[in-house]
Amino acid sequence: MSARSRGTELDLSWISKIQVNQPAVLRRAEQIQARRTVKKEWQAAWLLKAVTFIDLTTLSGDDTPSNIQRLCYKAKYPIREDLLKALNMHDKDITTAAVCVYPARVCDAVKALKAAGCSIPVASVATGFPAGQTHLKTRLEEIRLAVEDGATEIDVVINRSLVLTGQWEALYDEIRQFRKACGEAHLKTILATGELGSLTNVYKASMIAMMAGSDFIKTSTGKETVNATFPVAIVMLRAIRDFFWKTGNKVGFKPAGGIRSAKDSLAWLSLVKEELGDEWLKPELFRIGASTLLSDIERQIYHHVTGRYAAYHDLPMS
């Protein structure tokens, strides 16, 4: 991870001037989706790059120590060794960027990664995930416990009602407290954009989260009806760019929820490259939250190497 974000003082005059041109954003989103993707070895190279941005995630009610262990093993060995050898990439130490779990499973993940002999970060969701509707005191304690158990990244959810009622000062204060509770851990702030009502609110919430010291802003929990979409991403990426131009402070971006196909991941990489430039295309500033995406990327790599599609048993997932 990069250096911690410094955040800034709350600037409500900046927030009050914000207006998003929705038709222009939707046109730009259509361009991204209509674009033809890269092919052959270029596609394989980009897909391997995409693997290194994945926060490999399991957020299920039936998570157990053994499936966390399998997830961590998959994070260390995301692509089959023989496929990497065929691409001459077996010695490049390709792993996912992090594993992301519930707070109660952080200890299991830390233990499994230690046993596997790797230093992949453990990210924990917190603060009453996914709805963020528990008492502030409870949400702050949840962060502290996850950090105590060894999480070095915390994916927090905001209280959406603060955005919907325009309580920007209260939102800023809440995220500042989350930031403080994280200590040295990096703070990724989930905006749950599908529940914020408008693209203007998405921009404002992004800006407040960055002012409050978030190291990353993240689209969704993956549990909302609408998760990561290109229009929302364009608004968030431009907020990140505006914040960087004004403060010199680089904040990361994490789309999450509904990103399942290798083709989707390439579209996300090209969007970040075009909106923010190559310097954002590194795990310190870009992540993809996903649970099933890796399986499809591995299938596409298998097809590229062998010329045929994998049978179910060829590529067992974690």
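Just so it is clear, the model here is predicted, and its values are computed rather than measured. (Residues numbered from 1 in each chain as written. Predicted model: local features only at pLDDT ≥ 70, side-chain atom pairs only at ≥ 80, totals over all residues. Heavy atoms only, no water.)

Asks: Can you walk me through unusual backbone geometry in this structure?
Replies: The bulk of non-glycine residues show a negative phi, and the bulk of peptide bonds are trans. With omega at 0°, the peptide bond leading from Phe129 into Pro130 counts as cis. Tracing the backbone through its elements, the reader meets Pro130 in the loop between strand S3 (122–126) and helix H7 (136–148). Positioned with a positive phi, Asn88 is a non-glycine residue whose angle comes to about 55°. Within the fold, Asn88 resides in the loop between helix H5 (81–86) and strand S2 (98–101). (Helix = DSSP H or I, 4+ residues; strand = E, 2+ residues; numbered from the N terminus.)

Asks: When you look at the sheet that holds strand S6 (residues 216–218) in this model, what are you seeing that I'm missing?
Replies: Pairing between sheet strands relies on hydrogen bonds along the backbone, with the strands arranged either parallel or antiparallel. Taking strand neighbours across the sheet as the criterion, the eight strands line up as S7-S6-S5-S4-S3-S2-S1-S8 in an open arrangement whose pairing is parallel. Because the sheet does not close on itself, it has two edges, and the strands there are strand S7 (252–254) and strand S8 (288–290). Across this sheet, the average inter-strand angle for adjacent strands is 25°, counted without regard to direction. (Pairing = 2+ DSSP bridges. Axes fitted to C-alpha atoms, helices over the stretch in contact; angles between N-to-C directions.)

Asks: Explain the state of the cysteines here, please?
Replies: Two cysteines whose sulfur atoms are joined by a covalent bond form what is called a disulfide. Tallying each qualifying case throughout the model produces zero disulfides. No disulfide involves Cys100; its nearest neighbouring cysteine sulfur is the one of Cys72, lying 11 Å away. Cys72 supplies the cysteine sulfur nearest to Cys107, a cysteine that is in no disulfide, at a spacing of 12 Å. According to the relative accessible area criterion, Cys107 is partly exposed, its value standing at 40%. (Disulfide = S-S within 2.5 Å. Buried < 20%, exposed > 50% of the residue type's maximum accessible area, 1.4 Å probe, protein only.)

Asks: Just to check I follow, could you spell out the environment of Val38 for this structure?
Replies: Mapped onto the secondary structure, Val38 falls in the loop between helix H2 (22–34) and helix H3 (40–51). With a relative accessible area of 35%, Val38 lands in the partly exposed category. Separated by 149 residues in the primary sequence, Val38 and Leu187 place their C-alpha atoms 33 Å from one another. Look past the residues within four positions of Val38 in its chain and what remains in contact with it is Gln43, Trp46 and Leu266. (Contact = heavy atoms within 4.5 Å.)

Asks: Just checking my understanding: could you explain the side chain of Asp155 for this structure?
Replies: Summarising the element assignment, Asp155 is placed in strand S4 (residues 153–157). Judged by relative accessible area, which is 0%, Asp155 ranks as buried. Among the polar contacts listed, one links the side chain of Asp155 to the side chain of Lys218, at a separation of 2.9 Å. If near-sequence neighbours (up to four positions away) are discounted, Asp155 is found in contact with Cys100, Ala123, Ser124, Val125, Ala126, Lys188, Ile190, Lys218 and Lys254. (Polar contact = N/O pair within 3.5 Å; in protein donor to acceptor, adjacent residues only side chain to side chain.)

Asks: Would you mind going over the packing of helix H11 (residues 230–247) against helix H12 (residues 262–276) with me for this structure?
Replies: When two helices pack together, their arrangement is given by the angle between the helix axes and the distance between those axes. Where H11 contacts H12, the axes come no closer than 10 Å and their chain directions differ by 30°. The handedness of the crossing between H11 and H12 is right-handed. Taking contact as the criterion, the partners of Phe230, Ala233, Ile234, Leu237, Arg238, Ile240 and Arg241 in H11 are, on H12, Ala267, Trp268, Leu271, Val272, Glu275 and Leu276. For the contact of H11 with H12, the residue count by class is 10 nonpolar, no polar and three charged. (Left-handed = near helix turned anticlockwise from the far one by under 90°. Nonpolar A, V, L, I, M, F, W, Y, C, P; charged D, E, K, R; others polar.)

Asks: Help me out: how do you make sense of the UniProt feature "active site" (unreviewed entry) in the chain in this one?
Replies: UniProt annotation of "active site" (unreviewed entry) refers to Lys218 and Lys254 when read in the numbering used here. Sequence-wise these annotated residues cover 37 residues; spatially they are packed, their C-alpha atoms never more than 4.5 Å apart. Among the structural elements, Lys218 can be located in strand S6. Taking the relative accessible area as the measure of exposure, Lys218 reaches 4% and is therefore buried. Excluding anything up to four places from it in sequence, Lys218 contacts Asp155, Thr189, Ile190, Leu191, Ala192, Met236, Lys254 and Ala256. Relative to the helices and strands, Lys254 is located in strand S7. Taking the relative accessible area as the measure of exposure, Lys254 reaches 0% and is therefore buried. Setting aside anything within four residues of it in sequence, one finds Lys254 in contact with Asp55, Asp155, Lys188, Phe216, Ile217, Lys218, Thr219, Arg287, Ile288 and Gly289. At a separation of 2.8 Å, a polar atom in the side chain of Lys254 contacts the side chain of Asp55. (UniProt positions renumbered as here; feature names shortened; annotations may be inferred.)

Asks: Looking at this structure, I do not really get the pairing of strand S1 (residues 54–57). What am I missing?
Replies: For a regular strand, side-chain orientation follows a simple rule: the groups alternate between the two sheet faces. Every second residue of S1 is oriented toward a common face, with Ile54 and Leu56 on one face and Asp55 and Thr57 on the other, all of them buried. Relative to S8, S1 runs parallel, the two sharing three bridges. What sits directly across from Asp55, in S8, is Gly289. Here three bridges tie S1 to S2, and the two strands are oriented parallel to one another. The residue bridging Asp55 from the neighbouring strand is Ala98, located in S2.

Asks: Hey, could you run me through the nonpolar core in this one?
Replies: It is characteristic of soluble globular proteins that their nonpolar side chains tend to be buried jointly. Counting 99 residues, the largest nonpolar core has Ile79, Ile154, Met207, Phe253, Trp268, Phe286 and Ile297 as its most contacted members. Looking at which element gives the most residues to this core, the answer is H11, with 10 residues. If sequence neighbours within four positions are ignored, Ile297 has contacts with Leu47, Ala50, Val51, Ile54, Ile79, Ala262 and Ser265. Counting seven residues, the second-largest nonpolar core is a separate cluster that includes Leu59, Cys100, Val125 and Val157. (Core = buried A, V, L, I, M, F, W, Y, C linked by side-chain atoms within 4.5 Å.)

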